[in-house]
Amino acid sequence: EYVFIVDVSGSMYGYPINISKKLLKDLIGSLRPADRFNVILFAGDSRLLSDRSLPASSENIGKAIRMIEDHGGSGGTEILPALEKALSLQADNEYARTFIIATDGYVSVEKEVFQLIRENLGLRPDVCWIADCPGHHAQLPQILSQSGYDYYVFWRCMRRDVMVSDFRWRGL
């Protein structure tokens with residue numbers, strides 16, 4: 001089961017949201033029929049695709065893609081209510097749940113996010129992987145380090161065969 005939590009706030013306007021849309025269409029479009037998924041879009045408020053995760057049928061995938069396409073990036077970045085909504089979704093014990101968060105990182109509640117994760121999942125995130133679009137916060141790696149991440153891995157939204165090298169950042 002995959003729960004996609006997608007930032008559609010004003011800071012995502014233009015190129016960042018277009019890259020997120022492409023990434024999500026590719027990810028959701030490649031789900032197998034046996035998979036289940038849901039989508040939560042967040043800005044000043046949050047919007048849920050369905051009260052329960054849905055089977056990855058062509059119809060449901062199309063519904064999710066249309067939902068994502070309808071947003072162009074506006075409003076605040078209220079990630080905490082979106083995460084609370086994701087954590088409150090009824091779980092199906094037959095599926096392992098994976099949360100995928102697509103955001104540009106322009107939030108000011110990093111510590112609260114990590115506290116929410118620790119309290120609800122009993123986890124301490126230590127790796128952050130980001131489809132890194134030009135224009136993210138210059139201090140994002142250090143913010144992540146101070147928020148508890150040990151590693152920051154990013155992808156420059158390009159084909160692997162044209163990448164010069166891999167880069168790994170290690171927090172101080």
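Preceding this paragraph is the structure being described.
Basis of the calculations
- Residues numbered from 1 in each chain as written.
- Predicted model: local features only at pLDDT ≥ 70, side-chain atom pairs only at ≥ 80, totals over all residues.
- Heavy atoms only, no water.
- Helix = DSSP H or I, 4+ residues; strand = E, 2+ residues; numbered from the N terminus.
- Buried < 20%, exposed > 50% of the residue type's maximum accessible area, 1.4 Å probe, protein only.
- Contact = heavy atoms within 4.5 Å.
- Pairing = 2+ DSSP bridges.
- Right-handed = clockwise from strand over helix to strand, strands pointing away.
- Axes fitted to C-alpha atoms, helices over the stretch in contact; angles between N-to-C directions.
- Parallel < 35°, antiparallel > 145°, perpendicular 65-115°, else oblique.
- Nonpolar A, V, L, I, M, F, W, Y, C, P; charged D, E, K, R; others polar.
- Core = buried A, V, L, I, M, F, W, Y, C linked by side-chain atoms within 4.5 Å.
- Arc of directions from axis to C-beta.
- Salt bridge = Lys/Arg side-chain N within 4 Å of Asp/Glu carboxyl O.

1. Some thoughts on the environment of Ile40
Argument step 1. Examined against the element boundaries, Ile40 turns out to sit in strand β2 (residues 36-42).
Argument step 2. Residue classification places Ile40 among the buried residues on the basis of a relative accessible area of 0%.
Argument step 3. Measuring from C-alpha to C-alpha, the distance between Ile40 and Leu83 comes to 8.8 Å, with 43 residues separating the pair along the chain.
Argument step 4. If near-sequence neighbours (up to four positions away) are discounted, Ile40 is found in contact with Val3, Phe4, Ile5, Val6, Ser46, Arg47, Leu48, Ala82, Lys85, Ala86 and Leu89.

2. A closer look at the pairing of β2
Argument step 1. For β2, a buried count of seven out of seven residues is recorded, marking the element as mostly surrounded by other parts of the structure.
Argument step 2. Neither face of β2 is exposed, since Arg36, Asn38, Ile40 and Phe42 on one face and Phe37, Val39 and Leu41 on the opposite face are all buried.
Argument step 3. Bridge count for strand β1 (residues 2-7) against β2 is six bridges, and the pairing is parallel. Along β2, the bridge assignment pairs Tyr2 with Phe37.
Argument step 4. For the segment spanning β1, helix α1 (residues 15-29) and β2, crossover handedness is right-handed.
Argument step 5. Where β2 meets strand β4 (residues 54-55), two bridges bridge the pair, whose relative direction is antiparallel. Each bridged residue has a counterpart across the sheet, and for Arg36 the counterpart in β4 is Pro55.
Argument step 6. Bridge count for β2 against strand β3 (residues 46-48) is three bridges, and the pairing is antiparallel.

3. Some points on the environment of Ala102
Argument step 1. Position of Ala102 relative to the elements: it lies in strand β5 (residues 98-102).
Argument step 2. In the structure, Ala102 is positioned 85 residues away from Ile17 in sequence and 9.3 Å away in space, judged by C-alpha atoms.
Argument step 3. The contacts of Ala102, once residues within four sequence positions are left out, are Ile5, Val6, Asp7 and Ser20.

4. Here's the deal with the packing of α1 against helix α2 (residues 58-69)
Argument step 1. Where α1 contacts α2, the two axes come as close as 10 Å, and the packing angle between them is 175°. It follows that α1 is roughly antiparallel to α2 by the angle criterion. Residues Lys21, Leu24, Lys25, Ile28 and Gly29 of α1 pack against Ile61, Ala64, Ile65, Ile68 and Glu69 of α2.
Argument step 2. Along the lines of polarity and charge, the residues of the contact of α1 with α2 split into six nonpolar, one polar and three charged.

5. Some thoughts on the nonpolar core
Argument step 1. Counting 20 residues, the largest nonpolar core has Phe4, Val6, Ile28, Phe37, Val39, Leu41 and Leu49 as its most contacted members.
Argument step 2. At the level of secondary structure, the elements contributing two or more residues to this core comprise β1, α1, β2 and α2.
Argument step 3. When residues of this core are assigned to their parent elements, the largest contribution, four residues, is made by α2.
Argument step 4. When sequence neighbours within four positions are dropped, the list of residues in contact with Val39 reads Phe4, Val6, Ile28, Arg47, Leu48, Leu49, Ala64, Met67 and Ile68.
Argument step 5. Listed in part, the 14 residues of the second largest apolar core include Ile5, Ala86, Leu89 and Ile117.

6. A few points about helix α3 (residues 79-88)
Argument step 1. Within α3 the residues assigned to the buried category are Ile79, Leu80, Ala82, Leu83 and Ala86. With its buried residues spanning 160° around the axis, α3 presents them on a single face.

7. Considering the pattern of salt bridges
Argument step 1. Applying the stated rule across the entire model yields four salt bridges.
Argument step 2. Residue Glu1 is joined to Arg97 by a salt bridge in which the shortest nitrogen-to-oxygen separation is 3.0 Å. In this pair, Glu1 sits in the segment before β1 while Arg97 sits in the loop between α3 and β5, placing the two residues 96 residues apart along the sequence.

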